[in-house]
Amino acid sequence: MVRLQSKATTPGPSLARRGAESWKQTGSTDKPEEKTMKAKTVAVNILVTAGAVMVVFAVGSAHAFNEGDVAKLKDKKECKGCDLSGANLCNANLDSANLMMANLEKADLRNFK
């Protein structure tokens, strides 16, 4: 019977240790934890900026109507192509008013006559 003799090998660095130290080999000065933190910070900054832009546009479009157009509509009952978006036309007498091509998006038309 022949016995095979194996050479004794010294174990190398553990897989976890090699993964944790791999950032050193890439030439990066940031540790993996720092990269994750930077990525999260960038993501939060992008979300905050996008939210601020959306608020600016929402506030700007809420008051898009022209007060002169609203007065013209109430006085002459005519406002062709006017931008009345977001206007308060609550309880307004719009009977036989000409609103052809007028923008009434988000206008308050409750109880109009």
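Keep in mind that what you see is a predicted model, and the values were worked out from it rather than measured.

(A) Quick look at the environment of Asn88. Its place among the elements puts Asn88 in the segment after helix H3 (67-76). On the basis of relative accessible area, Asn88 is assigned to the partly exposed category, the value being 48%. Expressed as a C-alpha distance, the spacing of Asn88 and Phe65, which sit 23 residues apart in the sequence, is 9.6 Å. Apart from the residues within four sequence positions on either side, Asn88 is in contact with Lys74 and Asp108.

(B) View of the confidence of the model for the chain. Within the chain, residue pLDDT values average 76, and 66% of them lie at 70 or more. Taken element by element, the chain is modelled with least confidence in helix H1 (residues 15-25), mean pLDDT 55, and with most confidence in H3, mean pLDDT 88.

(C) Inspection of the environment of Asn66 at higher detail. Relative to the elements of secondary structure, Asn66 occurs in the loop between helix H2 (32-62) and H3. The class for Asn66 is partly exposed, based on a relative accessible area of 43%. When the C-alpha positions of Asn66 and Cys82 are compared, they lie 8.2 Å apart, and in sequence the two are 16 residues distant.

(D) Structural context of unusual backbone geometry. A positive phi is found at Lys77, a non-glycine position, where the angle reads about 55 degrees. The exposure class assigned to Lys77 is partly exposed, which follows from its relative accessible area of 25%.

(E) Expanded view of the state of the cysteines. If you walk through the whole model with that rule in mind, you get one disulfide. In this model Cys79 forms its disulfide with Cys82; the gap between the sulfur atoms is 1.8 Å. Between Cys79 and Cys82 the sulfur-sulfur dihedral comes to about -105 degrees; the bridge is accordingly left-handed. The pair Cys79 / Cys82 is uniform in exposure class, with both members buried.

(F) Up close: the side chain of Asp108. Relative to the assigned elements, Asp108 resides in the segment after H3. Look at Asp108 and you get buried, because its relative accessible area is 19%. One polar contact links Asp108 to Arg110, side chain to side chain, over a distance of 2.7 Å. Apart from the residues lying within four places of it in its own chain, the contact partners of Asp108 are Ala87, Asn88, Leu89 and Cys90.

(G) Expanded view of H3. Listed in full, the buried residues belonging to H3 are Asp69, Val70 and Leu73. Projection of H3 onto a plane perpendicular to its axis shows the buried side chains occupying an angular sector of 100 degrees, all on one side. The exposed residues of H3 that point more than 90 degrees off its buried face are Glu67, Asp75 and Lys76. Capping the start of H3 is the job of one residue whose side-chain oxygen sits 2.8 Å from the backbone nitrogen of Gly68: Asn66.

(H) Representation of the pattern of salt bridges. Overall, the coordinates contain one salt bridge when judged by the stated rule. Asp108 is paired through a salt bridge with Arg110; the nearest N and O atoms lie 2.7 Å apart.

About the cut-offs
- Residues numbered from 1 in each chain as written.
- Predicted model: local features only at pLDDT ≥ 70, side-chain atom pairs only at ≥ 80, totals over all residues.
- Heavy atoms only, no water.
- Helix = DSSP H or I, 4+ residues; strand = E, 2+ residues; numbered from the N terminus.
- Buried < 20%, exposed > 50% of the residue type's maximum accessible area, 1.4 Å probe, protein only.
- Contact = heavy atoms within 4.5 Å.
- pLDDT = per-residue confidence, 0-100.
- Disulfide = S-S within 2.5 Å.
- Polar contact = N/O pair within 3.5 Å; in protein donor to acceptor, adjacent residues only side chain to side chain.
- Arc of directions from axis to C-beta.
- Salt bridge = Lys/Arg side-chain N within 4 Å of Asp/Glu carboxyl O.

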